[in-house]
Amino acid sequence: AAGRPPLLSTLLALDQRDAAAVLQVLVGRLERDESGGPTAEHGRWLFALMARLEREVSADAAATLRALVRACAVRRADPSLRAALDASGGATRAEALRRAATLNVLVAIAGGFFGQASAEELRGEEELRGDDEGAPEDDGDSSLIYEDAE
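In this report, we go over the structure that sits alongside the text. All of these numbers come straight from a predicted model, not from anything done at the bench.

1. Describing the overall build of the chain
The helix and strand inventory of the chain stands at seven helices and zero strands. For the chain, the N- to C-terminal ordering of α and β elements is α-α-α-α-α-α-α. Considering only contacts within the chain whose residues lie at least 6 apart along the sequence, 76% involve residues at least 24 apart.

2. What about the packing of aromatic side chains?
Under the counting rule described, the total for this entry stands at one aromatic pair. Seen from their ring centres, Phe113 and Phe114 are 4.9 Å apart, and the 85° between their planes marks the pair as edge-to-face. A residue is classified by how much of its surface remains accessible, and Phe114, at 9% relative accessible area, is buried. In this structure, Arg55 packs its charged tip against the face of Phe113, placed 4.2 Å from the ring centre.

3. What to know about the pattern of salt bridges
Tallied over the full model, the rule gives three salt bridges. Its salt-bridge partner being Glu95, residue Arg98 comes within 2.5 Å of it at the nearest N-O pair. You can see Arg98 and its partner Glu95 sitting in helix H6 (residues 90-113), three residues apart, about one turn around the helix. For Arg98, a relative accessible area of 23% corresponds to the partly exposed category. A residue is classified by how much of its surface remains accessible, and Glu95, at 36% relative accessible area, is partly exposed.

4. Side note on the packing of helix H3 (residues 40-52) against H6
Look at H3 against H6: their axes get within 10 Å of each other, and the N-to-C directions meet at 15°. Classified by the angle between their axes, H3 and H6 sit roughly parallel to one another. Seen from above, H3 lies across H6 with left-handed handedness. Between H3 and H6, the residues in contact are Ala40, Gly43, Leu46, Phe47 and Met50 and Arg98, Thr102, Val105, Leu106, Ile109 and Ala110, respectively. Each residue belonging to the contact of H3 with H6 can be placed in one class, and the counts come to eight nonpolar, two polar and one charged.

5. With respect to H6
Taking 1.5 Å per residue as the helical rise, H6 with its 24 residues ought to reach 34 Å, and the 33 Å between its terminal C-alpha atoms agrees with that figure. Residues of H6 that are buried: Arg93, Ala96, Arg99, Ala100, Thr102, Leu103, Asn104, Leu106, Val107, Ile109, Ala110 and Gly111. Those residues of H6 hidden inside the fold are in contact with H3, helix H4 (59-76), helix H5 (79-86) and helix H7 (119-123). With its phi angle positive at about 70°, Gly115 sits one or two positions after the end of H6.

6. So, the packing of helix H2 (residues 16-32) against H3
Close contact between H2 and H3 brings their axes to 9 Å; oriented N to C, the two are set at 150°. Classified by the interaxial angle, the pair formed by H2 and H3 is roughly antiparallel. Crossing of H2 over H3 shows left-handed handedness. Across from Gln16, Ala19, Val22, Leu23, Leu26, Val27, Arg29 and Leu30 in H2, the residues of H3 making contact are His42, Trp45, Leu46, Leu49, Met50 and Arg52.

Reading the values: rules and limits
- Residues numbered from 1 in each chain as written.
- Predicted model: local features only at pLDDT ≥ 70, side-chain atom pairs only at ≥ 80, totals over all residues.
- Heavy atoms only, no water.
- Helix = DSSP H or I, 4+ residues; strand = E, 2+ residues; numbered from the N terminus.
- Contact = heavy atoms within 4.5 Å.
- Phe/Tyr/Trp six-rings, centres within 6.5 Å; stacked < 30°, edge-to-face > 60°.
- Buried < 20%, exposed > 50% of the residue type's maximum accessible area, 1.4 Å probe, protein only.
- Lys NZ or Arg CZ within 6 Å of the ring centre and 35° of its normal.
- Salt bridge = Lys/Arg side-chain N within 4 Å of Asp/Glu carboxyl O.
- Axes fitted to C-alpha atoms, helices over the stretch in contact; angles between N-to-C directions.
- Parallel < 35°, antiparallel > 145°, perpendicular 65-115°, else oblique.
- Left-handed = near helix turned anticlockwise from the far one by under 90°.
- Nonpolar A, V, L, I, M, F, W, Y, C, P; charged D, E, K, R; others polar.
- Expected span 1.5 Å × (residues − 1).

Spelled out as structure tokens, the structure:
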């Protein structure tokens, strides 16, 4: 997948099991990525593979989708992402906006469409530590990526 866009012909050649297997590999990469990912290309592949899955997924695929939601939640709550979003402009903020949008779309699909996220996770209110201690404060500006879609 690295270096190539997710072409329709490639995706259609995958059956449900194979698409779920490739998705599992890419989610594993996201979980291990310490750069704050996903990259634009990684996000496109994750999106495309989820689009290839049928709504009723196997238990293994559901676990992979749940892992994707958790990985995205960790990245959405990252203080460095919030700080970049609150920056006044420039390339850093533009990249943070792209990354935040990608994370939100992935959570909406894996969590909302496939039902693998709680309402709090869908709104971006996940408590990653189990309590509020050490969690970044919401100062308003970065909340535009966490808007409630009611």
